Amino acid sequence: KLSFEFKNPEEIMIAANEKHLVIAGRDIWDPDNMFILGRGGIKVMGTQEEYGTCNAVYTFLQRYLGVRWLWWGELGEDILPQETIAFTPFHYRYHPKIRQRSSIFGNTALRRFGKIGETVSDWARYQRLQLDSLNAPVGGHGFGGWFKRFHEDHPEYFALQPDGSRSGFPGPNAVKMCVSNPKLWDQWIELVAEEVKKDPSLKYFSSAANDNWPSGHCICENCRAWDHPDGEKQILHWQGLTQEYVSLSNREIRLANELGKLLKKRFPDKDYHVVTLAYGAASSAPIDITIVDNVIVADVAQFICRPGEKRRKDYKEWGKLTRNHFWRTNAGNPARWMQGGPGDARQMIEDLRFAAENECIGILVDMIWYWELTQGRSYYILAQLAWNPFQDGNAVLNDYYKRAFGPAADQVKAYWELIEDVRRKIVKVPIQMDEYDREVPGSPKTWSEEFNPALFEQADKILSRAEEAVKGAPEIYANRVDYTRASYDFLRATSENLAIHKVDPHFLDDETNAENHKKLVANWEKIKDIHAKYPGSLRTHEFRSGGTPSLLSDIVPEESYLVKKAEPVNDKKKGGE
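Described below are features of the structure shown in this document. (Residues numbered from 1 in each chain as written. Predicted model: local features only at pLDDT ≥ 70, side-chain atom pairs only at ≥ 80, totals over all residues. Heavy atoms only, no water.)

1. Focus on the overall build of the protein
Part 1 of the reasoning: In terms of helices and strands, the protein carries 15 helices and 18 strands.
Part 2 of the reasoning: The burial tally for the protein puts 53% of its 577 residues in the buried class.
Part 3 of the reasoning: Taking the intrachain contacts of the protein between residues at least 6 apart in sequence as the baseline, contacts between residues at least 24 apart amount to 71%.
Part 4 of the reasoning: Here the protein has roughly 27200 Å² of accessible surface; of this, 50% comes from carbon and sulfur atoms. (Helix = DSSP H or I, 4+ residues; strand = E, 2+ residues; numbered from the N terminus. Buried < 20%, exposed > 50% of the residue type's maximum accessible area, 1.4 Å probe, protein only. Contact = heavy atoms within 4.5 Å. Areas by Shrake-Rupley, 256 points an atom, 1.4 Å probe, with all protein chains shown as cover.)

Structure follows, in structure tokens:
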């Protein structure tokens, strides 16, 4: 008696009566174009657009059988033994609000499978991230390669500069366009037609301005007429000229609107969309303009687990103007995030809820570097809430601790909340605004000030209680507490090496230098041992042979002052040695 009509994108249904169980979902594909060539020439599923049944299976496993994939790899899998599987009759339907999720962990997207390994890709699929229904190009810009291809025959496509030229300033890869020129629009739609002929699965096409955002925008009369005089003030640059000007959000949306109309006219039977970026000169919301319904705004609102009240404000305003609102955030490097510093799972819960409440249909997080050992709780929360951002995030996090650590759940939770609280002292700094309403960070505490011996002594005591709590419990809990202890060892070794690196060798005797070098080497060997014991827990290619690891160069012995000894420099600007 159930309806098997799925009216919503990615809708799933799980239901049981006295005798039957159904697990189903909306699946959409083009049977004539099932495979395309992905990265590296790998043949992948290209034109299946929705994978409702597959995501229904993973939902059934988690919601009704209690399976958890807490982090990638065998240690993170948690299955509850059951003698019998039986259900009281029920009927459950759901469709996710956030329809582009694979770009959260960008290298796990189906078309990019294989770059970081099968384990992480599997984990992303289990979390219902990989098999999503949008594939919008929100990570890049819309006019790459145009200058090389068209500047000789069609200089009118490119931005008019103050000197009267269309020179391509500030360079071919960052050139800006004369967005009000209908000839530009016609060329854009012709290129779209060429693209979809080669790949019929394409549905999303970028109109976003090229990067180097403050530089080289068009000053022709028509383009300037598109700008709103009350737009937010900012500083823009041209060759030999720097000037205050208004926000370019209105002109970027006007361009996207015009292209969106052309898409509908040229391809009336297709569900094609234009993607534009709310970024740089177009960060703030436009004024007195309607965004057409086939334009997606990819909002580069950089506030995930970091300061960003101005960006949150802008994000909320964009959310009032469009239901096609994409959160294209950047994690940056607060509290050594890029070098394996800890995440903040509790803050992640708040940020995901805020994004969803303001019409988020997709997420891309730039700068996720796969430090599972220290950031895994944040990854798990991000994944779970991307599927359903309106569930109780704190309940999900408490379930994570309980399922992973059993009798030691409270102690491990206390350990990570201690680490997160210290991270917040570094990251959550007071924010001021300059005259252009841009954020100016205050003076945060440094890593070495906060990740100090006293902190690690406190953390060690908490983990010792966790280790005591799992004695006599199933071995899996002890193994996971050991994994958490490895995060402590990594953070402590990192902190000690950073502190040594900051010491001026001119004030140390040879014996102290030798002792410091021994500490550096011992700590680095400890980090490498952790990497060997838990493959995939630390950013793998930072441990490649040959060359200095790019992200960890400030904690490895080879980069310390003990190896690169200071030698006199004859600097004429400073009057000699």
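2. Here we look at empty space enclosed by the protein
Part 1 of the reasoning: Under the defined criterion, the tally for this structure stands at 4 cavities of 30 Å³ or more.
Part 2 of the reasoning: In this structure, the largest cavity encloses a volume near 100 Å³.
Part 3 of the reasoning: Around the largest cavity, the lining is made up of 13 residues, and of these Ala 209, Glu 252, Leu 277, Tyr 279 and Ala 282 lie nearest the centre.
Part 4 of the reasoning: Each residue belonging to the lining of the largest cavity can be placed in one class, and the counts come to 8 nonpolar, 3 polar and 2 charged. (1 Å grid on protein atoms, 1.4 Å probe; cavity = no way out; pocket = protein on both sides within 12 Å on 5 of 7 lines; lining within 4 Å. Points joined across faces, edges and corners; volume = space filled by probe spheres on them. Nonpolar A, V, L, I, M, F, W, Y, C, P; charged D, E, K, R; others polar.)

3. As for the sheet that holds strand S13 (residues 273–278)
Part 1 of the reasoning: Strand order in the open sheet formed by 5 strands is S10-S13-S14-S15-S16, with parallel pairing between adjacent strands. A strand with exactly one partner marks an edge of an open sheet, and here the two such strands are strand S10 (204–206) and strand S16 (360–366). Each adjacent strand pair in this sheet contributes to an overall mean axis angle of 25°, direction not counted.
Part 2 of the reasoning: With 5 bridges connecting them, S13 and strand S14 (residues 295–299) associate as parallel partners. Within S14, the residue paired with Val 274 across the bridge is Val 295.
Part 3 of the reasoning: Strand contacts of helix H4 (residues 182–198): S10 and S13, with the helix running at about 140° to S10, the strand carrying the most contacts. (Pairing = 2+ DSSP bridges. Axes fitted to C-alpha atoms, helices over the stretch in contact; angles between N-to-C directions.)

4. Description of H4
Part 1 of the reasoning: For H4, built from 17 residues, the straight-helix expectation of 24 Å at 1.5 Å per residue is met to within 8% by its first-to-last C-alpha distance of 25 Å.
Part 2 of the reasoning: Along H4, the positions that sit buried rather than exposed are Leu 184, Trp 185, Gln 187, Trp 188, Ile 189, Leu 191, Val 192, Ala 193 and Val 196.
Part 3 of the reasoning: Where H4 is buried, its residues touch helix H3 (146–150), S10, helix H6 (249–266) and S13.
Part 4 of the reasoning: Capping the start of H4 is the job of one residue whose side-chain oxygen sits 2.9 Å from the backbone nitrogen of Lys 183: Asn 181. (Expected span 1.5 Å × (residues − 1). Polar contact = N/O pair within 3.5 Å; in protein donor to acceptor, adjacent residues only side chain to side chain.)

5. A few points about the sheet that holds strand S9 (residues 90–94)
Part 1 of the reasoning: Reading across from one edge, S2-S1-S9 is the order of the 3 strands in this open sheet, with antiparallel pairing throughout. The open sheet is flanked by strand S2 (21–25) and S9, the only strands paired with a single partner. Adjacent strand axes in the sheet meet at a mean angle of 5° when their direction is disregarded.
Part 2 of the reasoning: Sheet analysis places strand S1 (residues 12–16) next to S9, joined by 5 bridges and oriented antiparallel. Note on S9: the bridge partner recorded for Ala 16 is Phe 90.
Part 3 of the reasoning: The strands that helix H1 (residues 52–63) touches are S1, S2 and S9; relative to S2, the one it contacts most, it runs at about 135°.

6. Quick notes on the state of the cysteines
Part 1 of the reasoning: One pass over the structure, following the stated rule, counts 0 disulfides.
Part 2 of the reasoning: Looking at the unpaired Cys 223, the closest cysteine sulfur is the one in Cys 220, lying at 3.6 Å.
Part 3 of the reasoning: Residue Cys 223 is classed as buried on the basis of its relative accessible area of 0%. (Disulfide = S-S within 2.5 Å.)

7. Observations concerning a negative patch on the surface
Part 1 of the reasoning: A cluster of acidic residues, Asp 509, Asp 510, Glu 511 and Glu 515, forms a negative patch on the protein surface.
Part 2 of the reasoning: Topologically, Glu 511 is positioned in helix H15 (residues 510–533). (Patch = residues over 30% accessible without salt bridge, like charges linked within 9 Å, V, L, I, M, F, W, Y side chains within 5 Å. Salt bridge = Lys/Arg side-chain N within 4 Å of Asp/Glu carboxyl O. Lys, Arg positive; Asp, Glu negative; His and termini not counted. Charge placed at Lys NZ, Arg CZ, Asp CG, Glu CD.)

8. Observations concerning the nonpolar core
Considering soluble globular proteins, one finds that nonpolar side chains tend to be buried as a cluster.
Part 1 of the reasoning: Ile 104, Phe 105, Trp 327, Ile 368, Phe 405 and Tyr 415 are the most contacted members of the largest nonpolar core, which has 98 residues in total.
Part 2 of the reasoning: If near-sequence neighbours (up to four positions away) are discounted, Ile 368 is found in contact with Ile 104, Phe 105, Trp 337, Tyr 379 and Leu 382.
Part 3 of the reasoning: Of all hydrophobic cores here, the second largest spans 38 residues; its members include Trp 185, Trp 188, Ala 193 and Trp 226. (Core = buried A, V, L, I, M, F, W, Y, C linked by side-chain atoms within 4.5 Å.)

By themselves, these observations are geometric and do not establish any function.
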